[in-house]
2 protein chains.
Amino acid sequence: MRDRILKAATHLFAKQGFDGTSLSEIASAVEIKKPSLLYHFRSKAELRVAVLASMLDHFKAVLPELLAAAASQEQLASVLRALVGFFRADRDRARLLLREALDRPEELRGLVHEHVTPWVRMVEERIRQGQADGSIHAHADPAAYCVHAIQLVVGGLASADSLGVLLDDDPEAAEARLTEELLRMLHRGLYRPGAEGERPPGGE
Amino acid sequence: MRDRILKAATHLFAKQGFDGTSLSEIASAVEIKKPSLLYHFRSKAELRVAVLASMLDHFKAVLPELLAAAASQEQLASVLRALVGFFRADRDRARLLLREALDRPEELRGLVHEHVTPWVRMVEERIRQGQADGSIHAHADPAAYCVHAIQLVVGGLASADSLGVLLDDDPEAAEARLTEELLRMLHRGLYRPGAEGERPPGGE
DNA sequence: TCGTGAGCCTACCGCTCGGTAGGCAGCAAG
DNA sequence: CTTGCTGCCTACCGAGCGGTAGGCTCACGA
């Protein structure tokens, strides 16, 4: 039951925000009453922390994969693809993260510093290597590039519903099209054309 | 007074969200009581609509400039710079927009369709021209590129507080550095290097 | 001088919120 | 059989919410 509550709360917080979701609402989503919910989580604040911790656990579970992708000699696109994969696996993750960035930036700053920095440092290093061997634009700012890549992946999935209308496609096709262009754009934003087999993911 | 309320509400909604802000809070920010506030705006919902409309008015005011920049023979970077300028002029705008995208995607979709589409169509056209004369990558997806550009500008300014820690700089320097790389990245994501005087904004 | 409306106030309404008290079924161990 | 724990319930609490009623002051025009 604890897990069911966690899952329902994650979904509702992501969809309506923390302030826009009541405990009764979450309780009724898992077919119990509010005091029963408060038996499992002592307060709403505790539930919020648990929801965040749960998402962080999922992220930590895929972190080795991300780090391995960054460390390998493969192209960086695979790192970005893994990142997109993590957030596409559950769209609530992107929404939740974005809400946290808006509602509690200081708190999120700490989490980012602790858990995302190692990954970013590794990608940075790979980018600098690419710059040294000439495959990556010399005037790219490695760290800033990483930040923008994360922003694109998270923001893109969270706001696809609103901005998708700018494409004429149906929503599903629009999302696929956006993801493809996202990967190509991140690729073009980094690699110099024609360099050592680094091809854009979508083909030409 | 109506304007003062609007301004305070904009700031608080952007910072804490609609559900996280009470009418008393807004009232006390302009040093009146809640019923006096409700004299100027009949309900909280009406105030929300007014806040959004006010931001939209500001956007409509700069739209001609954006369209002119897109239509001119200058490089597209100036369009993006104008877009960044609009959101940097008041950071609440980016936050508010992102919150709206999360809280009321259907509603925002309508607004986007009505007010942003003309600008996007124009930029698309310019991109296609660039593709025809070879200055822009042939495999770029013009509309999807525009969507990502908007996401980067809006999301970047709204979440700079959280993600800025990934750079070691102090917050102010981090933001400037991110904006510079953002423009360069958007440039590299579009233009083929060395094509007809299209230089990245930051120089090399 | 008086009426009128704008703009603000205090006092209050019903409602929902997060959270607590206390009880009741079921089950497992002594 | 009893004891005690788990997991749920109903009933309730105070606080804060959005919103209303009605009255006060003050400026302004007839």
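Thresholds, definitions, all that
- Along every chain, residues carry numbers that run from 1 in the direction the sequence is written.
- All chains are assigned letters beginning with A, and all ligands numbers beginning with 1, in the order in which they are written.
- pLDDT decides what is reported in this predicted model: residues at 70 or higher carry local features, side-chain atom pairs at 80 or more are listed and counted, and totals for whole chains, interfaces and linings draw on all residues regardless.
- By convention in this description, side-chain values take in all heavy atoms of the structure and omit both hydrogens and water.
- Using a 1.4 Å probe on the protein chains alone, a residue whose accessible area is under 20% of its type maximum counts as buried, one over 50% counts as exposed, and one in between counts as partly exposed.
- Labels follow the DSSP assignment, with helices taken as runs of H or I lasting at least four residues and strands as runs of E lasting at least two, numbered in each case from the N terminus.
- Throughout, the arc means that of the directions going from the helix axis to the C-beta atoms.
- For the purposes of this description, domain bounds are those given by an automatic or database domain assignment.
- Should any heavy atoms of two residues lie within 4.5 Å, those residues are counted as being in contact.
- Here's the idea: put two parts together, see how much 1.4 Å probe accessible area each one loses, and the total over both is what we call buried area.
- A carboxyl oxygen of Asp or Glu within 4 Å of a side-chain nitrogen of Lys or Arg is what we treat as a salt bridge.
- Polar contact criterion, stated in full: a pair of N or O atoms within 3.5 Å, where within protein one must be able to donate a hydrogen and the other to accept it, and residues adjacent in sequence count only if both atoms are side-chain atoms.
- The nonpolar class holds Ala, Val, Leu, Ile, Met, Phe, Trp, Tyr, Cys and Pro. Asp, Glu, Lys and Arg form the charged class, and all remaining residues, Gly among them, are polar.
- Any residue with a heavy atom positioned within 4 Å of a molecule or strand is treated as near that molecule or strand.
- Among the buried residues, those of types Ala, Val, Leu, Ile, Met, Phe, Trp, Tyr and Cys that are joined through side-chain atoms within 4.5 Å form a nonpolar core.
- Stacked, tilted and edge-to-face are the three classes applied to pairs of Phe, Tyr and Trp rings, where Trp contributes its six-membered ring and a pair requires centres within 6.5 Å; stacked means planes under 30 degrees apart, edge-to-face means over 60, and tilted covers the rest.
- Consider the ring centre and the ring normal. A charge sits over the ring if Lys NZ or Arg CZ is within 6 Å of that centre and within 35 degrees of that normal.

Undergrad: Would you explain helix α7 (residues 105-115) of chain A in this entry?
TA: Each turn of an α-helix holds 3.6 residues, which means side chains three or four residues apart point in the same direction. Buried within α7 of chain A we find Pro 105, Leu 108, Val 112 and His 115 of chain A. In a view along the axis of α7 of chain A, the buried residues occupy a sector of 110°, so they form one face of it.

Undergrad: Help me understand the domain arrangement of chain A in this model?
TA: Accessible area lost during the coming together of the parts is what is often quoted as the interface size. Residue and element names in this part refer to chain A. According to the domain assignment, chain A consists of domain 1 (1-42) and domain 2 (54-188). One C-alpha centre belongs to domain 1, the other to domain 2; they are set 29 Å apart. Each partner contributes residues to the interface: domain 1 has 9 residues there, and domain 2 has 6 residues. Carbon and sulfur atoms make up 57% of the surface buried where domain 1 meets domain 2, a total of about 600 Å² over both sides. Applying the counting criterion to the domain 1 and domain 2 interface returns 0 salt bridges. Scanning the region where domain 1 abuts domain 2 turns up 4 residue pairs in polar contact (both at pLDDT 80 or more). Looking at the side of domain 1 that touches domain 2 residue by residue, the classes come out as 4 nonpolar, 4 polar and 1 charged.

Undergrad: What should I look at first to understand the interface of chain B and chain A in this one?
TA: Facing the 56 residues of chain B at the interface are 57 residues of chain A. With both chains or domains summed, chain B and chain A bury close to 5,100 Å², and 65% of this area falls on carbon and sulfur atoms. Ranking the residues of chain B by area buried against chain A places Leu 102, His 139 and Leu 166 of chain B at the top, with a combined share of 15%. Across the contact surface, chain B and chain A share 4 salt bridges. Two residues, Asp 141 of chain A and Arg 177 of chain B, come together in a salt bridge whose shortest N-O distance is 2.6 Å. Linking chain B with chain A are 18 residue pairs in polar contact (both at pLDDT 80 or more), by the criterion used here.

Undergrad: Would you take a moment to explain the protein's contact with DNA strand C for this structure?
TA: Inspection of the region around DNA strand C gives 15 residues, with Lys 34 and Lys 44 of chain A together with Lys 33, Ser 36 and His 40 of chain B positioned closest. Sugar plus phosphate, as a fraction of atoms of DNA strand C within 4 Å of the protein: 56%. A distance of 2.6 Å separates a phosphate oxygen of DNA strand C from a polar backbone atom of Lys 33 of chain B. In the environment of DNA strand C, a phosphate oxygen lies 2.5 Å from a nitrogen or oxygen atom belonging to the side chain of Ser 36 of chain B. For the surface near DNA strand C, the secondary-structure elements that each account for two or more residues are α3 (34-40) of chain A together with α3 (34-40) of chain B. A per-element tally of the surface near DNA strand C places α3 of chain B first, with 4 residues.

Undergrad: Which parts of the structure should I look at to understand the nonpolar core?
TA: Counting 96 residues, the largest nonpolar core has Trp 119, Ile 150 and Leu 166 of chain A together with Trp 119, Ile 150 and Leu 166 of chain B as the members making the most contacts within it. Non-local contacts of Leu 166 of chain A, meaning those with residues more than four positions away in its chain, are made with Val 112, Val 116, Thr 117, Val 120, Arg 121, Val 147 and Ile 150 of chain B.

Undergrad: Any chance you could explain the packing of aromatic side chains here in plain terms?
TA: Within a pair of aromatic rings, the relevant descriptors are the distance that separates the centres and the angle that separates the planes. Residue and element names in this part refer to chain A. For the structure shown, the criterion picks out 6 aromatic pairs over all chains. Ring geometry for Phe 86 against Phe 87: centres 5.0 Å apart, planes inclined by 80°, an arrangement best described as edge-to-face. Assigned by exposure class, Phe 86 and Phe 87 land together as buried. A connected cluster of aromatic rings, assembled from ring pairs, spans Phe 59, Phe 86 and Phe 87. We note Arg 48 situated over the ring of Phe 18; from NZ or CZ to the ring centre the distance is 5.9 Å. Arg 93 extends its terminal NZ or CZ atom over the ring of Phe 86, reaching a point 4.3 Å from the ring centre.

Undergrad: Explain the protein's contact with DNA strand D here, please?
TA: Inspection of the region around DNA strand D gives 15 residues, with Lys 33, Ser 36 and His 40 of chain A together with Lys 34 and Lys 44 of chain B positioned closest. At the protein interface, 54% of the atoms of DNA strand D within 4 Å belong to sugar or phosphate. The backbone of Lys 33 of chain A places a nitrogen or oxygen atom 2.7 Å from a phosphate oxygen of DNA strand D. Tyr 39 of chain A places a polar side-chain atom, nitrogen or oxygen, 3.1 Å from a phosphate oxygen of DNA strand D. Elements that contribute at least two residues to the surface near DNA strand D include exactly α3 of chain A together with α3 of chain B. Taken together, the residues of the surface near DNA strand D break down into 7 nonpolar, 5 polar and 3 charged.

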